[in-house]
Amino acid sequence: MIDFHNHTELCGHAEGSPDDYVMTAIKRGIRYFGFADHAPIEESIRGGITMSPEEIEDYIGMTKALKEKFAGQIEIFTGFEVDYPEFEAFDSSYYNDDRIDYLIGSCHFIGDWPIDFSPEASDEEYSKRGVDSVCADYFNNMLSLAKSGKYNIIGHFDLYKKFGHRPEKDFSDIISQIAKEAARNGTSIEINSSGLRKPVKEIYPSFDIIKLISESGGIFTLGSDSHHPDDVAKDFDKSRELLLKAGVEKISYYRKRNRVEISL
Ligand SMILES: [Zn+2]
Ligand SMILES: [Zn+2]
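Source: prediction; values computed, not measured. (Residues numbered from 1 in each chain as written. Chains lettered and ligands numbered in written order. Predicted model: local features only at pLDDT ≥ 70, side-chain atom pairs only at ≥ 80, totals over all residues.)

Colleague: Help me out: how do you make sense of the overall build of the protein in this one?
Modeller: Scanning the protein for helices and strands turns up seven helices and 11 strands. In summary, the protein has a C-alpha radius of gyration of 17 Å against a globular reference of 18 Å for 264 residues, a match within 12%. By its C-alpha atoms, the protein is 50 × 45 × 30 Å across when sized along the principal axes. Considering only intrachain contacts with a sequence separation of at least 6, the fraction spanning at least 24 residues in the protein is 76%. (Helix = DSSP H or I, 4+ residues; strand = E, 2+ residues; numbered from the N terminus. Rg over C-alpha atoms; globule rule 2.2 N^0.38 Å. Contact = placed C-beta atoms within 7 Å.)

Right, dumping it as structure tokens:
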């Protein structure tokens, strides 16, 4: 099994030692384990959200050391969760750095508004903008992300629902287009179980979206988005069940930016 979305203390909002994450992964039968901590965003909004540019090399070195330490027990991969639209704080040279196995592209911001930051701030902003309008901006951003071909994985596909906000409008057309563009570039859609631990209490993305993505030819991977060792590979039985129900039989991981497909 694959868990390609795990954080470290460097982002400022995760707990536990990297060794503990890896040991939990081994215990839970994970064979391919990826660290994908938050790549730096600009300094004024970075605090408690991402690592700083000065920490990038330490992070890469730390994951490399763990690869060696746990060789033979589990395969460890070096990844980043990168914000899209991109921030200059993450140097563009890292997009072509062969020490990095993969990049997750995630949309946490619409303009300078962090859509998933707090329920209170979200409620106010969602009612001001309207959920349909937020989702239109969100999916347009995701389409541009998918078309860019720079990312191996699209993170938490319907993050806007985190605090329970749902669009009324039907976004099937653009979702299907995102799935097709992503698949064309070998970019997987992540089944992210962390939504079950959030107010929405639902995996990202919802079953209807998983089904639509699958019917559109989309490809998939798995992530727990763990910010604590105990969350590694959490609820993967449920993620797997949703994929199987949608008729998906294969999932992918990435070694040095090359996609490897395995049976679910
Ligand atoms: Zn994220
Ligand atoms: Zn994450």
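From this point on, the discussion continues.
Colleague: Before we go on, may I ask you to explain the pairing of strand 9 (residues 219-223) in this structure?
Modeller: Two faces make up the sheet, and in a regular strand the side chains alternate between them. The element strand 9 is extensively covered by neighbouring structure, given that five of its five residues are classed as buried. Alternating residues of strand 9 divide into Ile-219, Thr-221 and Gly-223 and Phe-220 and Leu-222, and every residue in both groups is buried. Pairing analysis gives five bridges linking strand 8 (residues 188-192) to strand 9, with the strands arranged parallel. Counted as the bridge partner of Glu-190 is Thr-221 from strand 9. A crossover connection joins strand 8 to the parallel strand 9 through helix 6 (residues 207-215); in handedness this β-α-β unit is right-handed. (Buried ≥ 20, exposed ≤ 12 C-beta atoms within 10 Å, placed from the backbone. Pairing = 2+ DSSP bridges. Right-handed = clockwise from strand over helix to strand, strands pointing away.)

Colleague: What should I look at first to understand the sheet that holds strand 3 (residues 75-83) in this one?
Modeller: Across a sheet, paired strands are connected by hydrogen bonds in the backbone, their directions being either parallel or antiparallel. Pairing is parallel in the open sheet, where seven strands are placed in the order 1-2-3-4-7-8-9. In this open sheet, the two strands that pair with only one neighbour each are strand 1 (2-6) and strand 9.

Colleague: Looking at this structure, I do not really get helix 1 (residues 18-27). What am I missing?
Modeller: Note: α-helices contain 3.6 residues per turn, so residues at a spacing of three or four share the same orientation. Every buried residue belonging to helix 1 is among Pro-18, Tyr-21, Val-22, Thr-24 and Ala-25, and all of these are buried. Down the axis of helix 1, the smallest arc covering the buried residues is 160°, so these residues share one side. For helix 1, the exposed residues lying more than 90 degrees away from the buried face are Asp-19 and Lys-27. On its buried side, helix 1 packs onto strand 1, strand 2 (32-38), helix 2 (56-69) and strand 3. Of the residues trailing helix 1, Gly-29 is marked for its positive phi of about 80°. (Arc of directions from axis to C-beta.)

Colleague: What is the right way to look at unusual backbone geometry in this model?
Modeller: Between Tyr-84 and the following residue, Pro-85, the backbone shows a cis peptide bond with an omega angle of 0°. Note that the residue after Tyr-204, namely Pro-205, is joined by a cis bond; omega there is -10°. Inspection of the secondary structure puts Pro-205 in the loop between strand 8 and helix 6. A positive phi angle is found at Asp-225, which is not glycine, with a value near 55°. Mapping Asp-225 onto the fold places it in the loop between strand 9 and helix 7 (236-245). One non-glycine residue, Lys-256, lies in positive phi territory at about 45°. Structurally, Lys-256 is set in the loop between strand 10 (250-255) and strand 11 (258-263). Its 12 C-beta neighbours within 10 Å are what place Lys-256 among the exposed residues.

Colleague: What exactly am I supposed to notice about the pairing of strand 1 here?
Modeller: For strand 1, the buried fraction is high: five of the five residues fall into the buried class. Note: strand 1 against strand 2, three bridges, orientation parallel. Bridging across to strand 2, Asp-3 finds its partner in Phe-33. A crossover connection joins strand 1 to the parallel strand 2 through helix 1; in handedness this β-α-β unit is right-handed.

Colleague: Would you explain the packing of helix 5 (residues 172-184) against helix 6 in this entry?
Modeller: The relative placement of two packed helices comes down to the angle between their axes together with the axis-to-axis distance. Between helix 5 and helix 6, whose axes approach to 8 Å, the crossing angle comes to 55°. One finds that helix 5 runs oblique with respect to helix 6. Taken as a pair, helix 5 and helix 6 cross one another with a handedness that is right-handed. Residue-level contacts link Ser-172, Ile-175, Ser-176 and Ala-179 of helix 5 to Ile-209, Leu-212 and Ile-213 of helix 6. Along the lines of polarity and charge, the residues of the contact of helix 5 with helix 6 split into five nonpolar, two polar and no charged. (Axes fitted to C-alpha atoms, helices over the stretch in contact; angles between N-to-C directions. Parallel < 35°, antiparallel > 145°, perpendicular 65-115°, else oblique. Left-handed = near helix turned anticlockwise from the far one by under 90°. Nonpolar A, V, L, I, M, F, W, Y, C, P; charged D, E, K, R; others polar.)

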